[in-house]
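# Summary of the model geometry
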Amino acid sequence: MDYITVTLPVPAYVQQWAEHHFGRPVRFPNRSAENATLHDLLRLRPPGARDPAAGMQVAVTASALRSPLYYNWLPKPARIEAARMVDRLFLRAMWCDLLPVTALPRGRLNETIDAWCAEHGITLDNREAVRQRFYRLRRDFAAHGVPLKPIKKIKS
């Protein structure tokens, strides 16, 4: 089936993850917050406007309020916000899946991140970017006093 699509500028690993879970072109579930947000951001296509060639293709689903035949344009700020929305969804999924294994030694954690990437359709070329995002997120939480590694018990 042909869909009207919009293009979002996301990193390659986020695109691979989204296409693995939502198909190609990416089609969010009808009642999802992502789909509702996408519909809120869509505007009437200006005459002669074109989508960027590079990026992740997202299908515009039917809506009772806005027909995708007419409302199928994302202005640049809306395109950036929609890309952030997909990136946040990726971060939540990664964080929920990998948080329980943060207590593993560094080598085992890297192997676990590799396995997670393979399981979620992310190529090994992009594994390093995913690993860095995970470690930065964990470091940011630790900087705000939220330790995510188990605290060693002091023997008394």
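Heads up: these notes are all about the structure in this document. Everything numeric in this text was worked out from a predicted model, so none of it was measured.

Let us now look at the overall build of the protein chain. Scanning the protein chain for helices and strands turns up five helices and four strands. Listed N to C, the secondary structure of the protein chain is β-α-α-β-β-β-α-α-α in terms of helices and strands. Relative to a compact globule of 156 residues, whose C-alpha radius of gyration would be 15 Å, the protein chain shows 19 Å and is clearly more extended. Viewed in the frame of its principal axes, the protein chain has a C-alpha envelope of about 75 × 30 × 25 Å. In the protein chain, which comprises 156 residues, the proportion classed as buried is 35%. Of all intrachain contacts in the protein chain linking residues separated by at least 6 positions in sequence, the fraction that spans at least 24 positions is 75%. Carbon and sulfur atoms provide 57% of the accessible area of the protein chain, an area that totals close to 9800 Å².

Positionally, N35 belongs in helix α2 (residues 33-41). For N35, a relative accessible area of 3% corresponds to the buried category. A distance of 3.2 Å separates a polar side-chain atom of N35 from the backbone oxygen of N30. Each residue touching N35, except ones within four places of it in the same chain, is listed here: F28, P29, N30 and T61.

In this structure the tally under the stated criterion is eight aromatic pairs. Ring plane angle 45 degrees and centroid distance 5.5 Å describe the contact between W95 and F134, whose orientation is recorded as tilted. Pair noted here: W95 is in helix α3 (residues 76-98) and F134 is in helix α5 (residues 127-143), with a separation of 39 residues, a long-range link. One exposure class covers both W95 and F134, and it is buried. Seen from their ring centres, F134 and Y135 are 5.9 Å apart, and the 65 degrees between their planes marks the pair as edge-to-face.

The next subject is α2. Residues of α2 that are buried include every one of E34, N35, L38, H39 and L41, and no others. Summarising the axial view, the buried residues of α2 lie within an arc of 165 degrees, below the 170-degree limit, and thus occupy one face. Exposed residues pointing more than 90 degrees away from the buried face of α2 are listed as A33 and D40. The inward-facing, buried residues of α2 contact β1 (4-8), β2 (43-44), β3 (56-60), β4 (71-73) and α3.

This part takes up the pattern of salt bridges. As enumerated under the stated definition, the model contains 11 salt bridges in all. Across the pair R88 and E81 runs a salt bridge whose closest N-O atoms are separated by 3.1 Å. Each of D114, R127, E128 and R131 takes part in a single network of salt bridges with overlapping partners.

Judged by nonpolar contacts, the single largest core of 34 residues is most densely connected at L8, L74, F90, W116 and V130. At the level of secondary structure, the elements contributing two or more residues to this core comprise β1, α1 (12-22), α2, β3, α3, α4 (106-119) and α5. When residues of this core are assigned to their parent elements, the largest contribution, 10 residues, is made by α3. When neighbours within four sequence positions are excluded, L8 is seen to be in contact with G55, M56, V58, L74, R79, A82, A83 and V86.

Put simply, α1 and α3 touch, their axes get as near as 10 Å, and they point 80 degrees apart. Viewed along their axes, α1 and α3 adopt a mutual orientation that is roughly perpendicular. Counted together, Y13, V14, W17, A18 and F22 of α1 and V86, D87, L89, F90 and A93 of α3 form the full contact between these two elements. Along the lines of polarity and charge, the residues of the contact of α1 with α3 split into nine nonpolar, no polar and one charged.

The rules we used
- Position labels on residues start from 1 in each chain and follow its written sequence.
- Only residues with pLDDT of at least 70 get local features here, since the model is predicted, and only at 80 or more are side-chain atom pairs given and counted; chain-wide, interface and lining totals rely on the full set of residues.
- As a rule here, side-chain values come from all non-hydrogen atoms in the structure, and water together with hydrogens is ignored.
- Working definition: helices are DSSP H or I runs of at least four residues, strands are E runs of at least two. Numbering for both runs from the N terminus.
- C-alpha atoms define the radius of gyration in this analysis, and the globule rule sets the expected value at 2.2 Å times the number of residues to the power 0.38.
- Any residue under 20% of the maximum accessible area for its type is buried, any over 50% is exposed, and the rest in between are partly exposed; the area is computed with a 1.4 Å probe on protein chains only.
- Contacts were defined at the residue level, with two residues in contact if any of their heavy atoms lie within 4.5 Å.
- All accessible areas in this document rest on Shrake-Rupley with a 1.4 Å probe, and a residue is counted as covered only by the protein chains that are shown.
- N or O atoms within 3.5 Å of each other form a polar contact, as long as, within protein, one can give a hydrogen and the other can take it, and as long as residues adjacent in sequence are counted only when both atoms are side-chain atoms.
- When the centres of two rings from Phe, Tyr and Trp lie within 6.5 Å, Trp using its six-membered ring, the rings pair. Their planes under 30 degrees apart give stacked, over 60 give edge-to-face, and anything left gives tilted.
- By definition, the arc is the one covered by directions from the helix axis to the C-beta atoms.
- Definition used for salt bridges: Asp or Glu carboxyl oxygen within 4 Å of a side-chain nitrogen of Lys or Arg.
- Grouping buried Ala, Val, Leu, Ile, Met, Phe, Trp, Tyr and Cys residues that are joined through side-chain atoms within 4.5 Å yields what is termed a nonpolar core.
- Inter-axis angles, ranging from 0 to 180 degrees, are taken between N-to-C directions of lines fitted to C-alpha atoms, where helices are fitted over the stretch in contact.
- Every angle not falling under 35 degrees, over 145, or within 65 to 115 is termed oblique; those three ranges are roughly parallel, roughly antiparallel and roughly perpendicular.
- The classification used treats Ala, Val, Leu, Ile, Met, Phe, Trp, Tyr, Cys and Pro as nonpolar, Asp, Glu, Lys and Arg as charged, and all other residues, Gly among them, as polar.

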